[in-house]
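Here are the chains, one letter per residue:
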Amino acid sequence: MFKAKRRTVVTVTAAAAVLLGGALAATLLTSGSSTASATNMVEYQAGQRPLAPNLTGKSLTGTSLNLSSYRGKVVVLNFWGSWCSPCRDEAALFAGLSQQDAPKGVVFLGDDVGDTPANALAFTSSQRITYPSFNDPGYAVVAQISQVVPVHDTPTTVVIDKTGHVVGTIIGAATYSELTTLLRDAAVTQ
Amino acid sequence: MTDVHAPQSQPESAAAEDEAARSFALDQTGTAEGGSGTTSPPPAANAGWLRWGWRQLTSMRTALVLLFLLALGSIPGSVLPQQGSDAGAVQQYYASHPSLAPLLNHLGLFNVFAAPWFAAIYLLLFASLVGCVVPRTFRLVGAARTPPPRAPRNLARLPHSSTYSSALPPDAAVAGAAAILGGQRFRLRRSESDAKDHWVSAEKGYLREVGNLLFHLSLLGVLLSIAAGGLFGYKADKLLVQGQSFSDTVSALDEFHPGRLVSGDDLAPFSVTLNNFTANYIDSGESRGQPSNFDASVSYTSSPGAKPGTYHIRINDPLSVDSLKVYLIGHGYAPEFKVTGADGKVAYEEATPFIPANTGTFESDGVVKVPDASLGFMGVFEPTAFSANGTLTSIFPAADAPAVSLIGYYGNLGMNDGVPQSVYQLDTSGMTKLSGSPHLLTPGQTWQLPNGKGSITFVGVKQWVSLAITYDPGQVPALVCGILALAGLLLSFFVRRRRVFVRAVPAASGAGSVVTVGGLTRSDASGGFEEEFAELAAEIASAEPGNNSELPGA
């Protein structure tokens, strides 16, 4: 009887040890491969594009900004901050494309998050960005659009078609090809 | 899992007791219990092995071993810094233990409660409990519905017994005893009416099984609640400077730890503005410099456009909004700077959070990054600055005489190559120092940088708070289940299952009968059955005269 009990304790302990050992092995094998932070483009098919909410707020210089006033044009909405390194990385692309595509009816708009207007205006001036941005230190505009599309990181870029529907989003620094893909598809309205 | 009955053995009355105690031992006949499952050797066949394995897993011993392992596994979680609660401390640990830290990290010891091995323990414990409790529930329900066993033959051999002679015939004597036992809410079982044998079995204390059942089900409820919290809850941190606000979106949060089934779209859309923060410190006596009060005055809205409310968040007094809680977990100073570049234009104007390096004096470190003027500053902030022997230090945590000492750099901050940087670190590898020694500024003072690189003004001091946002849908159910489990445990500890048997046989003289009352209980740890039995037996015996009067001449 006593022997049998001891045997059981040994067996149970051994079984637990094997299971824990297996779990430990799983930890060691999986812990090395959990970083995948490449840029992330999401595109909505025509007909399934969500309607962007009417974003309203003040610009960095204190004027009123209103997303719905851009209805009829393709809008590139970029969420950025002067503190954000990847935003600086993509800034030249946005500065260039915003001027190049203006005649095609494409409007660029920024949303400056977690920032102060002074810092942001220094950024736009040094990066030669001429389009307006929402002054959004508390992420209120992000909260508004997050009800429709996820804006989970800074920078994030949202492309909106002429009817006010979201064509797609780019999370992380946007590349030329990603942005031009979304702009090309934005021309095809539903 | 638990069998709160204490084993009891009395060899001399073994035969009688075996019969009388038959279904008392219900919890030991089940395979899930420690008793029989452990004594059977491992079988040979494959299906038998599975069955044996399941029995082992669901045995009380395994559950206890797992519970012990769970406690043991939690120790590193409280001894070592954890990624989820204090990522900075983990970094510090890495710095001070460069060879040990990666090993510990591989073992998941910096994130114990999310480690697979920790999950293995609680999942096994969960399986063990479910495997034990569910079958046991059915057995307990069955046990609660079964009538008491037949009365054993020889009641005198039970642990408690007494005999008296009655003037009544056996069936009437037993009927009288049954009436008394029934009046005391015993569950009864009578001998068949046509039998020669006259007895009644009575049992009480079924509440013990109810308590047992409640305990097990509540334990299951606790586990389910915790699991629900882990799956559907989330934790987040946000640093907020006075006057700033934030909306609860993933990109606004400094740290976001979602449960397994939470996505960033599930966040409650509330927003919080920090209107003011005050920290009071004791300014004399032995505990000089100790904090006496923290008060973060906030206004908040539960969703965009909703009516705003105000609240004072204090330690252990969180803000409740949208079924989540916002705790105050830290605070510090944010010196406000205004920086102009070489062109004379303002390139930076912001209250910059500095991180306390000394939580006693609140001497704090921070950096000011002005990439658009190619300027960077490393600063040390002293809330109550005191200079001794050329060394600047802080002598009190309140901002009574604030000063900041700055080292300036000019050049490339490395912010244009797209690699995210910490806002608390300055990469000076591409920069040159503006001056050899640190420059001291008090509020309102401006440092004209050498070589016409611009200027930096120490505008003033603001404070910041660190807020922890937690959503744990399992918290309230876990508490309720915990209380119920305790109540169940107490019931099962303090209520005894006890049986009383009464058997009457015709007296040798031919008239009347000899009545034997026997009693049996299990796990009479708290005592008391002996007295209860004596009282009961006396009551049954003393009820006789009343019956006698109905039978004149007897």
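Treat the numbers as computed from the prediction; the structure is a model and nothing was measured.

K.L.:
Whenever I open this one, the overall build of chain B confuses me. Can you help?
P.N.:
Looking only at helices and strands, one finds 13 helices and 24 strands in chain B. Buried positions account for 37% of the 554 residues belonging to chain B. At a minimum sequence separation of 6, the contacts of chain B that also span at least 24 residues come to 65%.

K.L.:
Help me out: how do you make sense of the overall build of chain A in this one?
P.N.:
Summing up its helical and strand segments, chain A has five helices and eight strands in all. Counted from the first residue to the last, chain A has its helices and strands arranged as α-β-β-β-β-α-β-α-β-α-β-β-α. The buried share of chain A, taken over its 190 residues, is 43%. Counting only contacts in chain A whose residues sit at least 6 apart along the sequence, the fraction spanning at least 24 positions is 70%.

K.L.:
Can you help me understand helix α11 (residues 475-494) of chain B in this one?
P.N.:
Residue pairs three or four apart in sequence face the same way in an α-helix, which turns once every 3.6 residues. Residues and elements named next belong to chain B. With 20 residues, α11 extends 29 Å between its outermost C-alpha atoms, agreeing within 8% with the 28 Å of an ideal straight helix rising 1.5 Å per residue. What α11 keeps buried is the set Ala478, Cys481, Gly488 and Ser492. Considered in projection along α11, the buried side chains sweep an arc of 85 degrees and stay on one side of the axis. Those residues of α11 that are exposed and angled more than 90 degrees off the buried face are Val476, Leu479 and Ile483. Elements that come into contact with the buried residues of α11 comprise α10 (207-232).

K.L.:
I would appreciate a short explanation of the sheet that holds strand β24 (residues 513-521) of chain B in the present structure.
P.N.:
Strand pairing in a sheet relies on backbone hydrogen bonds. The paired strands run either parallel or antiparallel. All names here are of chain B. In space, the five strands of this open sheet follow the order β1-β24-β23-β3-β2, with antiparallel pairing throughout. Two strands close off the open sheet at either side, each with one partner strand: β1 (160-166) and β2 (187-190). Direction aside, neighbouring strands of the sheet carry axes that sit 15 degrees apart on average. By the bridge criterion, seven bridges tie strand β3 (residues 198-204) to strand β23 (residues 498-506) in an arrangement that is antiparallel. The partner of Ala202 across the bridge, within β23, is Val500.

K.L.:
Explain the environment of B:Pro335 to me, please; I cannot follow it from the model alone.
P.N.:
With respect to the helices and strands, the residue B:Pro335 is situated in strand β11 (residues 324-340). Not counting the four nearest positions on each side in its chain, B:Pro335 is found in contact with B:Thr352, B:Phe354, B:Phe381, B:Val404, B:Phe458 and B:Val461.

K.L.:
How should I be thinking about the nonpolar core in this particular structure?
P.N.:
In a soluble, globular protein the nonpolar side chains are often hidden away together inside. Judged by nonpolar contacts, the single largest core of 106 residues is most densely connected at A:Val142, A:Ile160 and B:Val339. B:Val339 has contacts with B:Ala347, B:Tyr348, B:Val368, B:Val370, B:Ala373, B:Leu375, B:Gly454 and B:Ile456, leaving out every residue within four places of it along the chain. Listed in part, the 26 residues of the second largest apolar core include B:Ala63, B:Leu66, B:Ile121 and B:Cys481.

K.L.:
Explain the sheet that holds strand β9 (residues 309-313) of chain B to me, please; I cannot follow it from the model alone.
P.N.:
Residue and element names in this part refer to chain B. Strand order in the open sheet made by the four strands is β5-β7-β8-β9, with antiparallel pairing throughout. Taken across any chain shown, the strands that pair with only one partner, and hence form the sheet edges, are β5 (245-247) and β9. For this sheet, the mean angle separating the axes of adjacent strands, direction not counted, is 25 degrees. Pairing between β5 and strand β7 (residues 271-281): three bridges, direction antiparallel. Residue pairing for β7: Ser245 is matched across the bridge by Thr273.

K.L.:
Explain the domain arrangement of chain B here, please?
P.N.:
One widely used convention gives an interface's size as the accessible area the parts lose upon coming together. The domain boundaries assigned to chain B delineate domain 1 (31-146), domain 2 (147-205 + 496-554), domain 3 (229-330 + 469-485) and domain 4 (337-462). On a C-alpha basis, the centroid separation for the pair domain 1 of chain B and domain 3 of chain B is 32 Å.

K.L.:
Honestly, helix α9 (residues 170-183) of chain B in this entry has me stumped. Any pointers?
P.N.:
All names here are of chain B. Taking 1.5 Å as the rise per residue, α9 with 14 residues should run 20 Å; its terminal C-alpha atoms sit 20 Å apart, in good agreement. Taken together, the buried positions of α9 are occupied by Pro170, Ala173, Val174, Gly176, Ala177, Ala178 and Leu181. In the stretch just after α9, Arg185 is the one whose phi turns positive, near 60 degrees.

K.L.:
What should I look at first to understand the confidence of the model for chain A in this one?
P.N.:
Caution applies to low-pLDDT parts of the model: their predicted coordinates are not meant to be read in detail. Residues with a pLDDT of 70 or more make up 78% of chain A, whose mean pLDDT is 84. Considering only residues more than four positions removed or in separate chains, one finds that residues 28-38 of chain A, a stretch of pLDDT under 50, has two contacts.

K.L.:
What is the right way to look at the packing of helix α8 (residues 116-145) of chain B against α10(B) in this model?
P.N.:
Helix packing for two helices is described by the angle between their axes and how far apart those axes are. Residue and element names in this part refer to chain B. As a packed pair, α8 and α10 sit with axes 10 Å apart at the nearest point and diverge in direction by 150 degrees. If you check the angle between α8 and α10, you find them roughly antiparallel. Both α8 and α10 take part in a crossing whose hand is left-handed. Contact residues: Phe126, Leu129, Val130, Val133, Arg136, Thr137, Leu140, Ala143 and Ala144 in α8; Glu209, Asn212, Leu213, His216, Leu217, Leu219, Leu220 and Leu223 in α10. When the residues that make up the contact of α8 with α10 are grouped by side-chain class, the tally is twelve nonpolar, three polar and two charged.

K.L.:
What exactly am I supposed to notice about unusual backbone geometry here?
P.N.:
Only a minority of non-glycine residues have a phi that is not negative, and only a minority of peptide bonds are not trans. The linkage connecting A:Thr154 with the following residue, A:Pro155, adopts the cis geometry, with an omega of 0 degrees. Mapped onto the fold, A:Pro155 is located in the loop between α4 (140-145) and β7 (156-160). The phi torsion at B:Ser323 lies on the positive side, around 60 degrees, for a residue other than glycine. Within the secondary structure, B:Ser323 is located in the loop between β10 (319-321) and β11. The exposure class assigned to B:Ser323 is exposed, which follows from the 11 C-beta atoms found within 10 Å. The phi torsion at B:Asn451 lies on the positive side, around 60 degrees, for a residue other than glycine. Turning to its location among the elements, B:Asn451 is positioned in the loop between β21 (446-448) and β22 (455-471).

K.L.:
Honestly, the packing of α10(B) against α11(B) in this entry has me stumped. Any pointers?
P.N.:
Residue and element names in this part refer to chain B. With their axes 7 Å apart at the nearest point, α10 and α11 run at an angle of 160 degrees to one another. The angle between the axes of α10 and α11 places the two elements in the roughly antiparallel class. Along this stretch, α10 crosses α11, giving a crossing that reads as left-handed. Along the lines of polarity and charge, the residues of the contact of α10 with α11 split into 15 nonpolar, ten polar and one charged.

K.L.:
Explanation requested: the pairing of strand β16 (residues 385-388) of chain B in the structure shown.
P.N.:
Across a regular strand the side chains alternate sides, sitting on one face of the sheet and then on the other. Residues and elements named next belong to chain B. By the bridge criterion, four bridges tie β16 to strand β17 (residues 391-394) in an arrangement that is antiparallel. Of the residues in β17, the one forming a bridge with Ala388 is Thr391. Hairpin geometry of β16 and β17 is characterised by an intervening segment of two residues between the two adjacent antiparallel strands and by a positive phi of about 55 degrees at Asn389.

K.L.:
When you look at the environment of B:Val461 in this model, what are you seeing that I'm missing?
P.N.:
All names here are of chain B. Locating Val461 in the fold gives a position in strand β22. What makes Val461 partly exposed here is the crowd of 19 C-beta atoms within 10 Å. Sequence separation between Val461 and Pro353 is 108 residues, and the spatial gap between their C-alpha atoms is 9.9 Å. The contact partners of Val461, leaving out residues within four places of it in the chain, are Tyr333, Pro335, Glu336, Ala399, Pro402 and Pro443.

K.L.:
Would you take a moment to explain the confidence of the model for chain B for this structure?
P.N.:
Residues and elements named next belong to chain B. Per-residue pLDDT for chain B averages 83, and the proportion of residues at 70 or more is 88%. pLDDT under 50 marks residues 1-16. Its contacts with residues more than four places away, or in other chains, come to 32 contacts. Taken as a whole, residues 546-554 scores under 50 in pLDDT and shows eight contacts with residues more than four places along the chain or in a different chain. Reported confidence for the predicted complex is 0.76 by ipTM and 0.70 by pTM.

Scoring rules and cut-offs
Residues numbered from 1 in each chain as written. Chains lettered and ligands numbered in written order. Predicted model: local features only at pLDDT ≥ 70, side-chain atom pairs only at ≥ 80, totals over all residues. Helix = DSSP H or I, 4+ residues; strand = E, 2+ residues; numbered from the N terminus. Buried ≥ 20, exposed ≤ 12 C-beta atoms within 10 Å, placed from the backbone. Contact = placed C-beta atoms within 7 Å. Expected span 1.5 Å × (residues − 1). Arc of directions from axis to C-beta. Pairing = 2+ DSSP bridges. Axes fitted to C-alpha atoms, helices over the stretch in contact; angles between N-to-C directions. Core = buried A, V, L, I, M, F, W, Y, C linked by C-beta atoms within 7 Å. Domains from an automatic or database assignment. pLDDT = per-residue confidence, 0-100. Parallel < 35°, antiparallel > 145°, perpendicular 65-115°, else oblique. Left-handed = near helix turned anticlockwise from the far one by under 90°. Nonpolar A, V, L, I, M, F, W, Y, C, P; charged D, E, K, R; others polar.

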